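Single-letter residue listing:
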Amino acid sequence: MQKVAIVTGASRGIGRACVKKLAIEGIKVIANYNKSQKQAEELKEELEKQGIEIDLYKADVSKREEVKDMINYVLDKYKKIDILINNARNITN
């Protein structure tokens, strides 16, 4: 059975690299982003060109309700979460 991973802060930097590595390894990835929608969509398109699909999910991980909604989305759709990479950071400036 395919593993399921959530990567927060997935649209740039280390998070983006994690998404690519996991997805290439055959893991179903939910790439979380908050403010970097364009970069997240570019990542999804880049992987789709390689025949790899990921899910994008917009949520501010500093807000409990948004995190709950994201978790519920993943559990409803995939019935499990095998891997969680908490990479997001809160930038206040």
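None of these values were measured; they are calculated from a predicted model.

When you look at the environment of Y78 in this model, what are you seeing that I'm missing?
On the secondary structure map, Y78 appears in helix α3 (residues 64-78). It is 9.3 Å that separates the C-alpha atoms of Y78 and K3, two residues lying 75 residues apart in sequence. In terms of polar contacts, Y78 uses its side chain to reach the side chain of D55, at 2.6 Å.

Is there a simple way to think about the packing of helix α1 (residues 13-24) against helix α2 (residues 37-48) in this case?
Each pair of packed helices gets described by two things: the angle between the helix axes and the distance between those axes. In the contact formed by α1 and α2, the axes pass within 11 Å of each other and the chain directions differ by 25°. One way to sum up the angle between α1 and α2 is to call them roughly parallel. Seen along the crossing, α1 lies across α2 with a hand that is right-handed. In contact with R16, V19, K20 and A23 of α1, α2 contributes Q39, E42, L43, E46 and L47. Taken together, the residues of the contact of α1 with α2 break down into four nonpolar, one polar and four charged.

Hey, could you run me through the packing of aromatic side chains in this one?
Each aromatic ring pair is summarised here by two numbers: the centre-to-centre distance and the angle between the ring planes. Counted under the stated rule, the structure contains one aromatic pair. On the numbers, 5.2 Å between centres and 40° between planes, the contact of Y57 with Y73 is tilted. With Y57 in strand β3 (residues 55-58) and Y73 in helix α3, this residue pair connects regions lying 16 residues apart in the sequence. Given a relative accessible area of 28%, Y73 falls into the partly exposed group.

Sorry if this is basic, but what is going on with the nonpolar core here?
In summary, soluble globular proteins display a tendency toward joint burial of nonpolar side chains. With 13 residues, the main nonpolar core has V7, V19, L22, A23, V29, L47 and I54 as its most contacted residues. Contributions of two or more residues to this core are made by β1 (4-7), α1, β2 (28-33) and α2. No other element matches α1, which puts three residues into this core. Not counting chain neighbours up to four residues away, the residues in contact with L47 comprise V19, K20, A23, I52 and I54. Grouped together as the second largest cluster of nonpolar side chains are eight residues, I6, Y57, A59 and M70 included.

Got a minute to help me understand the sheet that holds β3 in this structure?
Two pairing modes exist for strands in a sheet, parallel and antiparallel, and in both the strands are linked by backbone hydrogen bonds. Spatial ordering of the open sheet is given by β3-β2-β1-β4, a layout of four strands whose pairing is parallel. Each edge of the sheet is formed by a strand with only one pairing partner; in this case those strands are β3 and β4 (83-85). This sheet shows a mean twist of 20° between the axes of neighbouring strands, independent of strand direction. Examined bridge by bridge, β1 and β2 share four bridges and lie parallel to one another. Along β2, the bridge assignment pairs I6 with I30. Lying over the sheet, α1 contacts β1, β2 and β4, oriented at roughly 170° with respect to β1. Strands in contact with α2 are β2 and β3; relative to β3, the strand with the most contacts, it is inclined by about 170°.

What counts and what doesn't
- Residues numbered from 1 in each chain as written.
- Predicted model: local features only at pLDDT ≥ 70, side-chain atom pairs only at ≥ 80, totals over all residues.
- Heavy atoms only, no water.
- Helix = DSSP H or I, 4+ residues; strand = E, 2+ residues; numbered from the N terminus.
- Polar contact = N/O pair within 3.5 Å; in protein donor to acceptor, adjacent residues only side chain to side chain.
- Axes fitted to C-alpha atoms, helices over the stretch in contact; angles between N-to-C directions.
- Parallel < 35°, antiparallel > 145°, perpendicular 65-115°, else oblique.
- Left-handed = near helix turned anticlockwise from the far one by under 90°.
- Contact = heavy atoms within 4.5 Å.
- Nonpolar A, V, L, I, M, F, W, Y, C, P; charged D, E, K, R; others polar.
- Phe/Tyr/Trp six-rings, centres within 6.5 Å; stacked < 30°, edge-to-face > 60°.
- Buried < 20%, exposed > 50% of the residue type's maximum accessible area, 1.4 Å probe, protein only.
- Core = buried A, V, L, I, M, F, W, Y, C linked by side-chain atoms within 4.5 Å.
- Pairing = 2+ DSSP bridges.

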